[in-house]
Amino acid sequence: MKAAQDLRGLLAAGRLVQAPGAPDPLTARLVERAGFPAVYMTGFGATATRLGQPDLGLMTQTEMTGLARDMVRATALPVIADADTGYGGIANLVRTIEEYCQSGVAAIHIEDQTLPKRCGQLSGVSLVAADEQARRLRAALRARGDHPMLVIGRTDALGVHGLDEALDRARRYLDAGVDLVFVDGVKTIAQAEGIARGLDAPKVLSVVDGNETAALTAARIEELGFDLVFYALSTLFSAARAIADTL
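Here is what the cut-offs are and how they apply
- Residues numbered from 1 in each chain as written.
- Predicted model: local features only at pLDDT ≥ 70, side-chain atom pairs only at ≥ 80, totals over all residues.
- Heavy atoms only, no water.
- Salt bridge = Lys/Arg side-chain N within 4 Å of Asp/Glu carboxyl O.
- Helix = DSSP H or I, 4+ residues; strand = E, 2+ residues; numbered from the N terminus.
- Buried < 20%, exposed > 50% of the residue type's maximum accessible area, 1.4 Å probe, protein only.
- Polar contact = N/O pair within 3.5 Å; in protein donor to acceptor, adjacent residues only side chain to side chain.
- 1 Å grid on protein atoms, 1.4 Å probe; cavity = no way out; pocket = protein on both sides within 12 Å on 5 of 7 lines; lining within 4 Å.
- Points joined across faces, edges and corners; volume = space filled by probe spheres on them.
- Phe/Tyr/Trp six-rings, centres within 6.5 Å; stacked < 30°, edge-to-face > 60°.
- Lys NZ or Arg CZ within 6 Å of the ring centre and 35° of its normal.

## Notes on the pattern of salt bridges
- Inspection of every chain in the model, using the stated rule, returns 17 salt bridges.
- Notably, a salt bridge pairs Asp184 with Arg154, separated by 3.1 Å at the nearest N-O pair. On the criterion of sequence distance, the pair formed by Asp184 in the loop between β6 (180–183) and α9 (189–198) and Arg154 in strand β5 (residues 150–155) is long-range, its members being 30 residues apart. Each member of the pair, Asp184 as well as Arg154, is classed as buried.
- The salt bridge partner of Arg169 is Glu165, with a shortest N-O separation of 2.8 Å. Of this pair, Arg169 and Glu165 both sit in helix α8 (residues 163–176), 4 residues apart, which is roughly one turn of that helix.
- Look at Arg169 and you get buried, because its relative accessible area is 5%.
- Within this structure, Glu111, Arg154, Asp156 and Asp184 form a network of salt bridges that share partners.

Written as structure tokens, this is what we have:
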């Protein structure tokens with residue numbers, strides 16, 4: 001519970017919380033050693049390092065929550081974990097919440113894709129109805145109870161239906177009671193600015209190397225009004241390049 005309370009304290013301080021992505025516990029320890037305040041357990045990175053495959057919903061709930069436990073043991077930082085879609089129906093989602101609470105992570109995000117899900121940066125994403133996802137998030141929050149773990153409502157509507165639909169879904173998820181909202185699939189600075197203008201609420205930005213948003217400084221992201229930023233794949237890409245160079 002302490003990690004979740006620590007993250008809540010960081011967010012309440014009103015400064016941008018930077019959370020580099022870590023695909024494994026070793027990287028999480030390096031993130032801590034570098035002085036960052038939090039670490040993001042990336043599903044893309046986990047799939048790449050464990051299976052050598054792209055992020056196409058191949059990792060199971062057991063694999064992801066097991067990785068979360070390992071990462072929590074490896075670092076004192078608050079761990080923010082990818083919980084994908086919750087890995088099934090409502091009963092599966094409730095179990096996912098219980099497992100992540102027990103793992104000791106500080107926060108999770110739950111997305112509104114249909115199964116099998118895909119990385120939010122890829123094409124071919126399909127979404128559940130917004131009302132259905134709002135119901136699922138309310139069920140997740142009931143399952144959390146009084147545990148301090150934060151629940152982040154993620155939408156992948158940006159690349160499917162555009163900014164207006166993504167903002168509408170994010171507002172619905174806020175109404176459902178989530179702690180923060182996360183519009184994924186942001187590739188341009190204009191999209192990030194549009195989200196910032198359209199959401200006056202605690203929100204997350206994911207910066208992915210190779211996209212235009214990689215040019216955004218932390219100061220600019222904070223100025224836009226984001227509370228939490230993931231650098232989801234930066235360490236994974238750096239490690240892959242270093243390994244290739246060594247070989």
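## What about the environment of Asp131?
- Inspection of the secondary structure puts Asp131 in helix α6 (residues 130–144).
- For the pair Asp131 and Gly45, spaced 86 residues apart in sequence, the C-alpha separation works out to 30 Å.

## Quick notes on the side chain of Glu111
- With respect to the helices and strands, Glu111 occurs in strand β4 (residues 107–111).
- On the accessibility criterion, Glu111 (1% relative accessible area) is buried.
- A distance of 3.3 Å separates a polar atom in the side chain of Glu111 from a polar atom in the side chain of Arg154.

## What about the layout of surface pockets?
- Volume-wise, the largest pocket comes out at about 290 Å³.
- If you trace the largest pocket, you find 17 residues lining it, with Pro23, Thr27, Thr235, Leu236 and Ala239 closest to the centre.
- Of all the secondary-structure elements, those providing two or more residues to the lining of the largest pocket are β1 (17–22), α2 (25–33) and α11 (234–246).
- With 5 residues, the top contributor of residues to the lining of the largest pocket is α11.

## Quick word on the packing of aromatic side chains
- A full pass over the atoms with the stated rule returns 2 aromatic pairs.
- Ring geometry for Tyr40 against Phe230: centres 3.9 Å apart, planes inclined by 0°, an arrangement best described as stacked. On the criterion of sequence distance, the pair formed by Tyr40 in strand β2 (residues 39–41) and Phe230 in strand β8 (residues 228–231) is long-range, its members being 190 residues apart. As far as burial versus exposure is concerned, Tyr40 and Phe230 are alike and both buried.
- Seen from their ring centres, Phe182 and Phe230 are 5.5 Å apart, and the 85° between their planes marks the pair as edge-to-face. Placement of Phe182 in strand β6 and of Phe230 in strand β8 is noted, with a sequence separation of 48 residues between them.
- Phe182 gets classed as buried once you look at its relative accessible area, which sits at 1%.
- For Phe230, a relative accessible area of 0% corresponds to the buried category.
- Ring pairing ties together the aromatic residues Tyr40, Phe182 and Phe230, which thus form one cluster.
- Taking the ring centre of Phe226 as reference, the NZ or CZ of Lys203 above it sits at 5.9 Å.

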